[in-house]
Every structure is written in C-alpha cells, then in structure tokens.
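Architecture and fold: a report
Read off the chains here:
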Amino acid sequence: MVISRIFVKAFKSIFELAFPLDPKITSLVGANESGKTNILKALRSFSLDAPFDNTLTCQYSDYYYQAKCPEIALEFGQISKENRRNLLRFSEAFKENEAILVRKDGPTIDDYHIFVGEAEINVRDKDKFLQHLPRLLYFDEIQLLKNRVSLDELLNGNDNFRTERNLLRIGGLPTPEIIFEDSTRGRRASEEASRLITQQVRRAWSQEPSIELKLNVNGNVLYIDISDGTTVFDTPESRSLGFRWYLSFYINFIAQTTDARANEFVFLIDEAGIHLHPAGQKDLIKVVEDLSNKNQVVYTTHSPFMINREFPQRVRLVQKDKDGTRVDSEAYRDNWKPLRSSIGLMLSDLFFFSDRGIVAETQSKKFSFLRRS
C-alpha cells in the first residue's frame, strides 16, 4: 500500500492543494520559503501521535477565524492481497476497493474519517486500523555519528545515540554486548561488524572506494574510527560535515529498512543532502533509489543535483504566491522551464561543461532576396 494522493487544507502556508505522490520517490523542489517543508509537516501531522491543533491553521483561511484545525487527507492505493486481508478485519467495505481515503481534521482518534469511494464508513478499532497504514517517518535532523559511545549509552534507549545503535545493527549486531566481551569471541565479532559496515558504506560512497570503518572497544567504551586512502584512522568528528551527514543518513535509513516489510514506511526527508557537494548529492540519489525499492520516499530540495532527470514525473515544483503554497506536477515541460524559472537557474550559471561537444545541423529557413533593378 502506498500514498497515491495528498489533500491539504488550511495548513500553515497552504490554503488548499491536492497533488499525486509517486509510488516510489517524490521530489518537492522549489525556492526557499515556498512551502516545501510545510508539505512534509502536513504529511507528518497525519500520524496519530503528531501534534495537531488550530495553531497549525493557515492564517488567511476561514478556518483560522473559526478556530478550526486544518484538514489532511491521504489517498492510499496499490492495495496488496495482504493489505486487503488486514483491512477486512475492520470492515467488509474493503472487500473490492482499489483505493481508500483517510481524512484527519482534529487531534483525536475520532477526528479520522475513512472513505471508500464517496461513502464514509465505520471501522472497528480505528486506532488499530491506522496501524495497518504505512508509517510516516519525518527526518529534519539526522543524529550525526559520534566518535565514541559507552555500553550504557547504547543500552539505555536514549535517542541521542540512535545512529550508533543503528551502526551496529547494519554490522549484524542487534545487541551490542558481545563486542564488549574481553574474549576472542568479542574481538572477532567486532572485526566482522567492522567488515560488514565498511562493505555497506563503500557501496554507497563512490567518491572514496578505500573508505574503511573500524570498531575498537576499550573497557566499556566503543570508539569509532574512519580511514581512507589518504589518511590513517581518524574520528568521525574530524571528517567534513557533508560526509558525516551522508554517513549518518545512510546508517539510519538502512537500519530502519533492513527488517521492514514492503511499503511499511513513508520517509519524509527535509532538505536532503544540503551539506553535500554535487558528487555527494548524486551518490545520495542512488541511496534514495535503493530505499524506494521497499518504501516510499518524499524529500525536499532546492538543488538541481538532487533531481533525477531520468524520472521527470517524480518532480513536484513548489511555489508560493498571494494564494499561498501551490504545487506544479509538470515542472519538466518546455525543457524544465517552470523549474528553471522558479529556482533562478540559467545556462550562464553553469560551468560544468564537457570536454567534448557535438555540433548538430538543424533545419533552417531559406530566405530569398530580390535584387532591385
């Protein structure tokens, strides 16, 4: 099951809009302050545990003067056989439907309304029903990988050490205690985890194929070291902000999706790759493509290097005018003219030219000149 369409009314800078989401990746592209982040926050607000009240209401809508909450509605499509079996536990109305629409217009469970076609239906155990919809995970800040972490910090569940716990997960260590053993088994587990982590990172970071991560334990403290072809082992915090962000992003998302069912999550990523230079952003695009094999991804950007032009139908141009935020789903028309105009990108701004060029002959008009006698 995926989100096929989003409807937002009276949410922050959004007066009213509706647009389709791509079943794999949707890129929300636009200038600063156009409302990209508000679209992501509107999606996040659909979750039952997300803050949702009239402080989020668009101030130039009628809802604001009526002290009403915004409205967020999501249409869900591509309902699999497994999805349908789960949904039938709540209502027979889901027997043959191709899509369902769920609208939220308040902070409580009773403020969710479920529609099949034009009809609103009653479902049993509405809170459990919502758990069978894809989970919306919003990422505006990535916890950057640290130099060191203690065993107690790994075990106490503190969110500040989520990246370090996920690093061990992609190294095949769902529980960290074994590498803290002062034994041959502990040392071998640490070496194998280092090998697996290095293998994963090299797959995603093409700019330095010799990159290596190593886990070193001293007492109850785990030290994380990084090396490449030009340096000895050094700490993550000594590396560039762009690399730390990319590495931390990759660790968290891979760990999140490894054991997930297909389309269990919808990842909402604000300003993806903002600290990366163009080559790093292209690597990030490849990682997002991998993530989208199992889960839907929606991300915001104002960088042209974060647009995969092989899939123009995935791009949504976000703009803001006197009527609030609006979305153009055909930003690729006329050789991407709407997008280029919106973010102010001109050919003269680019200096990435190929060493080789192609000269092509095109049809031209023939002019005849009459000689005066």
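Quick caveat: nothing in here was measured; it's all calculated off a predicted structure.

A few words on helix 6 (residues 162-170). An α-helical turn contains 3.6 residues, so any two residues separated by three or four positions project in the same direction. By the burial criterion, the buried members of helix 6 are T163, E164, N166, L167, L168 and I170. One or two positions beyond helix 6, positive phi appears at G172, with a value near 80 degrees.

Relative to the helices and strands, Q281 is located in helix 9 (residues 278-291). Looking at Q281, the relative accessible area reads 7%, which means it is buried. For the pair Q281 and I307, spaced 26 residues apart in the sequence, the C-alpha separation amounts to 9.3 Å. Dropping the residues within four chain positions of it, Q281 is found in contact with G273, L276, S303, F305 and M306.

Once that is clear, we can look at the environment of L154. Its place among the elements puts L154 in helix 5 (residues 151-155). Sequence separation of L154 and E177 is 23 residues, and the distance between their C-alpha atoms is 9.3 Å. If sequence neighbours within four positions are ignored, L154 has contacts with V149, E164, R165, L168, P176 and F180.

Further remarks concern helix 1 (residues 36-45). For helix 1, the buried fraction is high: seven of the 10 residues fall into the buried class. Within helix 1, burial applies to K36, N38, I39, L40, A42, L43 and S45.

Enumeration according to the criterion identifies eight aromatic pairs in this entry. On the basis of an interplanar angle of 10 degrees and a centroid distance of 5.2 Å, the ring pair of W245 and F249 is categorised as stacked. In this pair, W245 and F249 both sit in helix 8 (residues 241-258), four residues apart, roughly one turn of the helix. Overall, F249 belongs to the buried group, its relative accessible area being 1%. Here the aromatic residues F46, F76 and Y112 are joined through ring pairs into a cluster of three or more. The ring of F243 is capped by R239, whose NZ or CZ atom sits 5.0 Å from the centre of that ring. Positioned above the aromatic ring of F311 is the side chain of R314, whose terminal nitrogen or guanidinium carbon lies 3.7 Å from the ring centre.

The next thing to look at is the nonpolar core. Counting 50 residues, the largest nonpolar core has F249, L284 and Y299 as the members making the most contacts within it. With 10 residues, helix 8 is the single largest residue contributor to this core. Core analysis: the next-biggest nonpolar cluster, separate from the first, contains 41 residues, M1, F90, I100 and I121 among them.

Attention now goes to the sheet that holds strand 13 (residues 265-269). With respect to topology, six strands assemble into an open sheet ordered 8-13-14-3-15-16, the strand pairing being mixed. Looking at the sheet topology across the chains shown, the edges are occupied by strand 8 (135-139) and strand 16 (324-328). In this sheet, neighbouring strand axes are inclined to one another by 20 degrees on average, regardless of whether the strands run parallel or antiparallel. Relative to strand 14 (residues 296-301), strand 13 runs parallel, the two being bridged by four bridges. Among the inter-strand pairings, L268 is bridged to a residue of strand 14, identified as V298. Strands strand 3 (25-29) and strand 14 of the sheet are contacted by helix 9, whose axis makes an angle of about 155 degrees with strand 14.

About the thresholds
- Residues numbered from 1 in each chain as written.
- Predicted model: local features only at pLDDT ≥ 70, side-chain atom pairs only at ≥ 80, totals over all residues.
- Heavy atoms only, no water.
- Buried < 20%, exposed > 50% of the residue type's maximum accessible area, 1.4 Å probe, protein only.
- Helix = DSSP H or I, 4+ residues; strand = E, 2+ residues; numbered from the N terminus.
- Contact = heavy atoms within 4.5 Å.
- Phe/Tyr/Trp six-rings, centres within 6.5 Å; stacked < 30°, edge-to-face > 60°.
- Lys NZ or Arg CZ within 6 Å of the ring centre and 35° of its normal.
- Core = buried A, V, L, I, M, F, W, Y, C linked by side-chain atoms within 4.5 Å.
- Pairing = 2+ DSSP bridges.
- Axes fitted to C-alpha atoms, helices over the stretch in contact; angles between N-to-C directions.

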